[in-house]
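# Close look at the chain arrangement
Below, each chain spelled out in residue letters.
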Amino acid sequence: VLLDTTTITTTTNLPSPHAAPPDELAPVCVLIAATTTTTTTTIKVALKASLVAATTWNVLLLTKMGDTASTVAFGAHLDSVSAGPGGNDDASGSAALLEVATKLAESDDILGNIKNRIMFGWWGAEEIGLVGSKYFVRNAGNTGNPVRLSDILLYNNADMVASPNFFRGVGKASNSLRVPAEVKEASGRAGNVIANFFEQQLLLPWEWDMLVSGSDFASFFAANIPATDLFTGTSSRKTSQQAEKYGGSAGVPYDSCYHRSCDVYPTNVEQQCHYNYTAAAAATVQFFGELDDVRDYLYGGATTATAAAGGGGGIGVGG
């Protein structure tokens, strides 16, 4: 569709590079530079777009046991971009949580100790604007939805947990995130559970990943629900300090196949990294599931925590 063909003559002395464009061009360009000489420019703008209606799905799984008013949620997204099949982004996160949920269902001893309801959510259409998780947050408590938003005390996200050139990230709210201070503090306390599992149980280094936006945790932060994130990196490049800490190659993307056709299993999934994150997710599920008072832990109470020892904190995830 041809939108416009415009000829503009300017004789103004506009500063560079942040000058405002002429009104005629404001919708389509920003002037990078201008001079005092008269310039005639012809711009032809064309737009090709299509609008397709489609149905996407969220999948929820909730434990039958545990206080429904003290729900701890875990989630990952089911979709990928059109350019790639999503082996790491985010089949790795979805598969990790499916493994944890499956093994939890087989663990009668652990289920018998569950005090707080556990919710697993697999979200649709994350890649086009967090559509699935936003829909869930907007509609929680409506007819047909078994979860009230006010019941969810914490959300734990798993997005890209097996990057081939990974760093070991544990997400907590960034200082710049526009949520109440107590939500930021609760996010950090929840992140400590994951971090301590890596450090004390698996004897592995880790680092904070400061969360603002970019994955489904943002939908929950928008509702002032504290969140964490399990994350191993996208197309940004590993630093030399991270290469010394985790191995791998400095100056190379964490995931060179991010949003590309080569994001396939098994070649773009770091298996041991994926297992370690699955174990961390399992330990975190058990810790918060068995905790006497989730709200008190997040907003008061204890300042440190260690998730249960062993492969997956007692929930026997696969090796």
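All values derive from a computational prediction rather than experimental measurement.

## A look at the layout of surface pockets
Estimated volume of the second largest pocket: approximately 250 Å³. Lining the second largest pocket are 21 residues; nearest its centre among them are Ser213, Gly214, Ser215, Phe217 and Phe231. Mapped onto the lining of the second largest pocket, the elements with two or more residues apiece are β8 (207–211) and β9 (227–231). If you tally residues by element for the lining of the second largest pocket, the top one is β8, at 3 residues. Residue classes in the lining of the second largest pocket are distributed as 8 nonpolar, 7 polar and 6 charged.

## Quick notes on the state of the cysteines
As enumerated under the stated definition, the model contains 1 disulfide in all. For cysteine 257, the disulfide goes to cysteine 262, at an S-S distance of 2.1 Å. Around the S-S axis, the bridge from cysteine 257 to cysteine 262 shows a dihedral of about -115° and counts as left-handed. Overall, the relative accessible area of 12% leaves cysteine 257 in the buried class.

## A few points about the pattern of salt bridges
The final tally for this structure, using the stated rule, is 3 salt bridges. Among the ionic pairs, aspartate 292 bridges to lysine 115, the shortest N-O distance being 3.7 Å. Here lysine 115 lies in the loop between α2 (108–111) and β5 (116–123) and aspartate 292 lies in the loop between α7 (271–290) and α8 (294–299), a separation of 177 residues in the sequence. By relative accessible area, which is 67% here, aspartate 292 ends up exposed. Note that aspartate 151 and arginine 148 form a salt bridge whose closest N and O atoms lie 2.9 Å from each other. In this structure aspartate 151 comes out as buried when scored by relative accessible area, which is 5%.

About the thresholds
- Residues numbered from 1 in each chain as written.
- Predicted model: local features only at pLDDT ≥ 70, side-chain atom pairs only at ≥ 80, totals over all residues.
- Heavy atoms only, no water.
- 1 Å grid on protein atoms, 1.4 Å probe; cavity = no way out; pocket = protein on both sides within 12 Å on 5 of 7 lines; lining within 4 Å.
- Points joined across faces, edges and corners; volume = space filled by probe spheres on them.
- Helix = DSSP H or I, 4+ residues; strand = E, 2+ residues; numbered from the N terminus.
- Nonpolar A, V, L, I, M, F, W, Y, C, P; charged D, E, K, R; others polar.
- Disulfide = S-S within 2.5 Å.
- Buried < 20%, exposed > 50% of the residue type's maximum accessible area, 1.4 Å probe, protein only.
- Salt bridge = Lys/Arg side-chain N within 4 Å of Asp/Glu carboxyl O.

By themselves these figures say nothing about function.
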